[in-house]
Amino acid sequence: MASPDWPVEEASGRDVRAVIPEEFRLDSGERLAASEIVGRLYGPDQGPLVVVAGGISGGRFAARWWSWAVRAGGPIDLGRARVLAFDLLPGKDEPGVTITTTDQARLLARLLDAIDEPGVDAFIGASYGGCIGLAFAAAFPGRIGQLVAISAAHRTHPTATAWRGVQRRLLAFARDCGREAEGVALARELAMATYRTPEEFALRFASTPPAGAGAPYPVCDYLIARGADYAEVSSAGRWISLSDSLDRHAVAPEAVRCPLTVIGFTSDRLVPIEDSRELAARAPDLRRLVETPSIFGHDAFLKERELVGRLLHDALSPLYAAPFREIAA
């Protein structure tokens, strides 16, 4: 699909922080090593508040990892809305913990309290961020105006758990062998192979054999580069925690009572379209179910700029036009 010629410069923003109290416990009973949750606010001082959350490699710099969407005049328009994005915990340098999407939603609620916001007018969540959005809507129904869940469902499919389980065992093995960075890179290579589709790889990469057995094929060169990049920004412990969090994710669709838009891709092998359909069918206030093909599979929310941009614009336009609405505490 052709993409419009949108700029990709990162918009400016300011960091906001919330203290994590000593008594805060995760659903597992564990404590976080971090003493605060860090978010970033973009856009004007006034206007509707939109939370943006992406995959486990996302974080508070939404205007960087989703620069074509989060920008002035863009689908998530920084000229008309305030945007809040936040760092997922645990961080890279923290020990791993057992953390759920509901835990992440509770941390977001603390961040909202710290910036004196009773709730959010819209939550745009993709991949893991969509799972957090569903958990937030279920846990804090009075603090959310609407939810757009992209490439995310109310549960994890066993096939996705199987792939991520191999990644976690690879990460743990490499860490225990003292070769953590190599393990992170290899696990990322495997993950990238599940994010994209066979059709994309067939179009992009020749099957030309290398000189000898064990040397990389053309598609392997691409995966190796992506793995090396990721090894610089993640740790085995953090990835194990967030990967496991995805596989623990479970929210009853009936508990998501805010207006809901579900966007799924028929080529997504991590979030099968059948799960998006079930979420939509069981949600009490479905606004729209969009299912569409994409050569990019699970990563379509990052790559399908024209399509996803139009859907985000459609979801948020009424919010821009309406007077600011106070969300019930």
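Structure's up top.
Bear in mind the structure is a predicted one, so any value in this text is a computation, not a measurement.

Q: Mind showing me how you'd approach the overall build of the protein chain here?
A: Counting its regular elements, the protein chain contains 11 helices and 10 strands. Whereas a compact globule of 329 residues would reach a radius of gyration of roughly 20 Å, the protein chain reaches 19 Å, a difference of no more than 12%. Principal axes of the C-alpha set define a box for the protein chain whose edges measure 65 × 50 × 40 Å. A sequence separation of at least 24 residues applies to 77% of the contacts in the protein chain between residues at least 6 apart. Taken as a whole, the protein chain presents about 13900 Å² of accessible surface, with 53% of it coming from carbon and sulfur. In the protein chain, 36 side chains carry a positive charge and 42 a negative one; their mean positions are 1 Å apart.

Q: Can you walk me through the side chain of Thr292 in this structure?
A: Within the secondary structure, Thr292 is located in strand 10 (residues 286-292). For Thr292, a relative accessible area of 14% corresponds to the buried category. If near-sequence neighbours (up to four positions away) are discounted, Thr292 is found in contact with Gly264, Phe265, Thr266 and Leu307.

Q: What exactly am I supposed to notice about unusual backbone geometry here?
A: A negative phi angle characterises most non-glycine residues, just as the trans form characterises most peptide bonds. In this structure, the amide linkage connecting Leu89 to the following residue, Pro90, adopts the cis form with an omega of 5°. Here Pro90 lies in the loop between strand 6 (82-86) and helix 2 (101-114). Not every positive phi belongs to a glycine, and Asp116 is a case in point at roughly 60°. With respect to the helices and strands, Asp116 occurs in the loop between helix 2 and strand 7 (122-126). Relative accessible area serves as the criterion here: at 67%, Asp116 is assigned to the exposed category.

Q: Explain the pattern of salt bridges to me, please; I cannot follow it from the model alone.
A: Close approach of charged atoms lets side chains of opposite charge pair. For the structure shown, the criterion picks out 25 salt bridges. Where Arg60 meets Asp87, a salt bridge forms, and the shortest distance between an N and an O atom there is 2.5 Å. With a gap of 27 residues between them, Arg60 in the loop between strand 3 (49-53) and helix 1 (62-65) and Asp87 in the loop between strand 6 and helix 2 connect regions that are remote in the sequence. On the basis of relative accessibility, which here comes to 15%, the residue Arg60 falls in the buried class. On the accessibility criterion, Asp87 (22% relative accessible area) is partly exposed. Where Glu200 meets Arg204, a salt bridge forms, and the shortest distance between an N and an O atom there is 2.9 Å.

Q: How should I be thinking about helix 5 (residues 180-195) in this particular structure?
A: Given 3.6 residues to a turn, an α-helix orients residues that are three or four positions apart in the same direction. With 16 residues, helix 5 extends 22 Å from end C-alpha to end C-alpha; this agrees with the ideal 22 Å at 1.5 Å per step. Every buried residue of helix 5 is listed here: Gly183, Val184, Ala185, Ala187, Arg188, Glu189, Ala191, Met192, Thr194 and Tyr195. The secondary structure elements touched by the buried residues of helix 5 are helix 4 (158-176), helix 6 (198-204), helix 7 (218-231) and helix 8 (236-248).

Q: Please clarify how the nonpolar core should be interpreted in this entry.
A: One broad rule of soluble globular proteins: the nonpolar side chains tend to lie buried together. Formed by 69 residues in total, the largest nonpolar core has its most connected members in Leu32, Leu84, Phe86, Phe123, Phe136, Leu147 and Leu260. Those residues in contact with Leu147, other than ones at most four positions away along the chain, are Phe123, Gly133, Leu134, Ala137, Val256, Cys258, Pro259, Leu260 and Thr261.

Q: Whenever I open this one, the packing of aromatic side chains confuses me. Can you help?
A: What describes a pair of aromatic rings is the distance from one ring centre to the other and the angle between the planes of the rings. All chains considered together, the criterion is met by nine aromatic pairs. Each ring, one from Trp65 and one from Trp66, has its centre 5.5 Å from the other, and the planes form 15°; the classification is stacked. Between the aromatic rings of Phe136 and Phe140, the centroid separation amounts to 5.2 Å while the plane-to-plane angle is 40°, which identifies the pairing as tilted. An aromatic cluster of at least three residues, connected via ring pairs, comprises Trp65, Trp66, Trp68 and Phe301. One cation-aromatic arrangement involves Lys303 over Phe296; the distance from NZ or CZ to the ring centre is 5.8 Å.

Q: Honestly, helix 4 in this entry has me stumped. Any pointers?
A: In this model, helix 4 (19 residues) spans 26 Å end to end at C-alpha, consistent with the 27 Å of a helix rising 1.5 Å per residue. Those residues of helix 4 that fall on the buried side of the exposure criterion are Ala160, Arg164, Gly165, Gln167, Arg168, Leu171 and Ala174. Here the buried face of helix 4 lies against helix 5 and helix 8. Looking one or two places after helix 4, you find Gly178, whose phi comes out positive at around 75°.

Q: Got a minute to help me understand the packing of helix 5 against helix 8 in this structure?
A: When two helices pack together, their arrangement is given by the angle between their axes and by how far apart the axes lie. Close contact between helix 5 and helix 8 brings their axes to 10 Å; oriented N to C, the two are set at 35°. Counting all contacts with helix 5, which are made through Glu180, Val184, Ala187, Arg188 and Ala191, the residues of helix 8 involved are Ala236, Gly237 and Trp239. Of the residues assigned to the contact of helix 5 with helix 8, the class counts are five nonpolar, one polar and two charged.

Conventions adopted
Residues numbered from 1 in each chain as written. Predicted model: local features only at pLDDT ≥ 70, side-chain atom pairs only at ≥ 80, totals over all residues. Heavy atoms only, no water. Helix = DSSP H or I, 4+ residues; strand = E, 2+ residues; numbered from the N terminus. Rg over C-alpha atoms; globule rule 2.2 N^0.38 Å. Contact = heavy atoms within 4.5 Å. Areas by Shrake-Rupley, 256 points an atom, 1.4 Å probe, with all protein chains shown as cover. Lys, Arg positive; Asp, Glu negative; His and termini not counted. Charge placed at Lys NZ, Arg CZ, Asp CG, Glu CD. Buried < 20%, exposed > 50% of the residue type's maximum accessible area, 1.4 Å probe, protein only. Salt bridge = Lys/Arg side-chain N within 4 Å of Asp/Glu carboxyl O. Expected span 1.5 Å × (residues − 1). Core = buried A, V, L, I, M, F, W, Y, C linked by side-chain atoms within 4.5 Å. Phe/Tyr/Trp six-rings, centres within 6.5 Å; stacked < 30°, edge-to-face > 60°. Lys NZ or Arg CZ within 6 Å of the ring centre and 35° of its normal. Axes fitted to C-alpha atoms, helices over the stretch in contact; angles between N-to-C directions. Nonpolar A, V, L, I, M, F, W, Y, C, P; charged D, E, K, R; others polar.

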